[in-house]
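# A closer look at the structure
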Amino acid sequence: MAGTPLRVGFIGLGLMGLPMSLNVLRAGFPLTVWNRTASKARAALDSGAQAGRSPADVASRSDVVITMVSDSPDVEEVVLGREGVLEGARPGCTLVDMSTIAPKVTRSLAQRLAERGVELLDAPVSGGTLGAQNGTLSIMVGGKPQVLERCRPVLQAMGQRITYCGPNGMGQVAKLANQIIAAGTLAAVCEGLVFAATAGADLNAVHQAVSGGAASSWQLEHLGRRILNGDFAPGFMVKLMAKDLRLVAEAAEELGVSQLVTPAVRQLFRTAEQLGYGEEGTQAAVKVLESLAKKEARAG
Ligand code: NAP
């Protein structure tokens, strides 16, 4: 790394944040971390990160602060709340919010931060926990291009494809489009496999044949295989997909754009959450369709 490396702060060391923070450390950036549940910061501290006492403390020790928490109110809490990022950040500091949240909340956060001389990038990601571990995430960035260029070396530690999408909020818009496509594809994978199972098909054969044709997708290849194996561990939790599809519904309402497919897909994930599968991987949505069909889609 040429010159003095940016000092990085990381807030939110969950399924995604922890492996992302470890990649920032591996790339040689001095790192300060904070997580609400302190025990989850252990692995980052053991790998050489410094412990922050609060989001404000992390911000006071960083040039670039990354947040990777769950939903819009959570980002607002760690940024604007008591001992939040805004209390500790100096003018010239940049907040990079990599959580998936509402575009309008991103825009209003950007305004609040700008009043204090702090820049914001919205930089949500796609690629799941595997992409987080391997540093191969696709990162969708909203904000000023020159701020992205300053932070690019940090983002490159976590992602392979870094795409500038436009002003603040446009990274989140790209991510919500991603979720419309990813959730709809997964719902179709679930329905297709339950259909084939009910017909008595050889599900390994169906999976192999369809994966090689026009209906192939990441969802079929990876999540379809997990369904057939009865593996419902998260990756990406059902409750977070239900959250993202709520963000889509709210944003579509604000835009006045008609949606015909995504509302049904949203009900599938909401039902899965209500039936108690919220903390399982998104592939557990198949269980809703399986219970209606009274047939499981497992490979023999
Ligand atoms: P997760 O494992 O549930 O982690 C959530 C993190 O946010 C935890 O560190 C949690 O702290 C923290 N947090 C939540 N609310 C908070 C609050 N009010 N104050 C302080 N900390 C708070 O979720 P994840 O899978 O890492 O997802 C994080 C974000 O990435 C979400 O926006 C999600 O939609 C997005 N995302 C996830 C994936 C994926 O495959 N998992 C892929 C792309 C994008 P505690 O440890 O104290 O609970």
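Residues numbered from 1 in each chain as written. Predicted model: local features only at pLDDT ≥ 70, side-chain atom pairs only at ≥ 80, totals over all residues. Heavy atoms only, no water.

### A short note on the pattern of salt bridges
For the structure shown, the criterion picks out 13 salt bridges. Put simply, K104 and E254 hold a salt bridge, and the shortest N to O gap is 3.3 Å. A residue pair is termed long-range when its members are at least 10 positions apart, and K104 in helix α6 (residues 103–114) and E254 in helix α12 (residues 238–255) qualify at 150 residues. Here E119 ties to K144 by a salt bridge, and the two come within 3.0 Å at their closest N and O atoms. With E119 in strand β6 (residues 119–122) and K144 in the loop between β8 (137–142) and α8 (145–156), the pair connects residues that are 25 residues apart, well separated along the chain. Owing to a relative accessible area of 39%, K144 belongs among the partly exposed residues under this scheme. Each of R53, D57 and R61 takes part in a single network of salt bridges with overlapping partners. (Salt bridge = Lys/Arg side-chain N within 4 Å of Asp/Glu carboxyl O. Helix = DSSP H or I, 4+ residues; strand = E, 2+ residues; numbered from the N terminus. Buried < 20%, exposed > 50% of the residue type's maximum accessible area, 1.4 Å probe, protein only.)

### A word on the state of the cysteines
Overall, the coordinates contain zero disulfides when judged by the stated rule. C93 provides the cysteine sulfur closest to C151, a residue in no disulfide bond, and the two sulfurs are 9.0 Å apart. For C151, a relative accessible area of 1% puts it in the buried group. Here C165 stays free of any disulfide, with the sulfur of C151 as its closest cysteine sulfur at 15 Å. Judged by its relative accessible area of 29%, C165 is partly exposed. (Disulfide = S-S within 2.5 Å.)

### Topic: the site of the ligand
As a matter of local geometry, the ligand sits amid 28 residues, with L15, N35, T37, K40 and S70 nearest to it. Within the contact set of the ligand, an oxygen atom lies 2.7 Å away from a side-chain nitrogen or oxygen of K40. Note that a nitrogen atom of the ligand is positioned 2.9 Å from one of the side-chain N or O atoms of D74. Within the shell around the ligand, the residues separate by chemical class into 11 nonpolar, 10 polar and seven charged. Here the shell around the ligand gathers at least three residues from each of two domains, domain 1 (8–167) and domain 2 (173–293). (Near = heavy atom within 4 Å. Polar contact = N/O pair within 3.5 Å; in protein donor to acceptor, adjacent residues only side chain to side chain. Nonpolar A, V, L, I, M, F, W, Y, C, P; charged D, E, K, R; others polar. Domains from an automatic or database assignment.)

### Let's talk about the packing of helix α13 (residues 262–277) against helix α14 (residues 286–293)
Running from N to C, α13 and α14 point in directions that differ by 85 degrees, and their axes come no closer than 8 Å. If you check the angle between α13 and α14, you find them roughly perpendicular. Contacts between α13 and α14 pair L268, T271, A272, L275 and Y277 from the former with K287, V288 and L289 from the latter. Of the residues contributing to the contact of α13 with α14, the split by class is six nonpolar, one polar and one charged. (Axes fitted to C-alpha atoms, helices over the stretch in contact; angles between N-to-C directions. Parallel < 35°, antiparallel > 145°, perpendicular 65-115°, else oblique. Contact = heavy atoms within 4.5 Å.)

### A look at the domain arrangement of the protein
What the domain assignment lists for the protein is domain 1 (8–167) and domain 2 (173–293). Centre-to-centre, using C-alpha coordinates, domain 1 lies 28 Å away from domain 2. Between domain 1 and domain 2, the contact holds 16 residues from the first and 14 residues from the second. Both sides of the domain 1 and domain 2 interface together cover about 1,200 Å² of buried area, and 65% of this is carbon and sulfur. A per-residue breakdown of the area domain 1 buries against domain 2 is headed by L15, T100 and P103, which together make up 35% of the total. Counting every contact that joins domain 1 to domain 2 gives two salt bridges. For the interface between domain 1 and domain 2, the tally reads five residue pairs in polar contact (both at pLDDT 80 or more). Within the residue set of the side of domain 1 that touches domain 2, elements represented by two or more residues are α6 and β7 (125–126). If one sorts the elements of the side of domain 1 that touches domain 2 by residue count, α6 sits on top with three residues. Across the side of domain 1 that touches domain 2, the residue classes tally to eight nonpolar, five polar and three charged. (Buried area = accessible area lost by both parts, 1.4 Å probe.)

### Focus: the packing of aromatic side chains
Counted by the stated rule, this structure contains zero aromatic pairs. Here K287 stacks its cationic end above the ring of F232, 4.3 Å away from the centre of that ring. (Phe/Tyr/Trp six-rings, centres within 6.5 Å; stacked < 30°, edge-to-face > 60°. Lys NZ or Arg CZ within 6 Å of the ring centre and 35° of its normal.)

### With respect to the nonpolar core
Ranked by internal contacts, the top residues of the largest apolar core, which has 55 residues, are V79, V85 and F269. With 10 residues, helix α9 (residues 170–198) is the largest single contributor of residues to this core. Residue assignment places this core across two domains, with domain 1 (8–167) and domain 2 (173–293) each supplying three or more. Look past the residues within four positions of V85 in its chain and what remains in contact with it is I11, P55, A56, A59, V65, V78, V79 and L95. Core analysis: the next-biggest nonpolar cluster, separate from the first, contains 34 residues, V33, A44, V147 and I162 among them. (Core = buried A, V, L, I, M, F, W, Y, C linked by side-chain atoms within 4.5 Å.)

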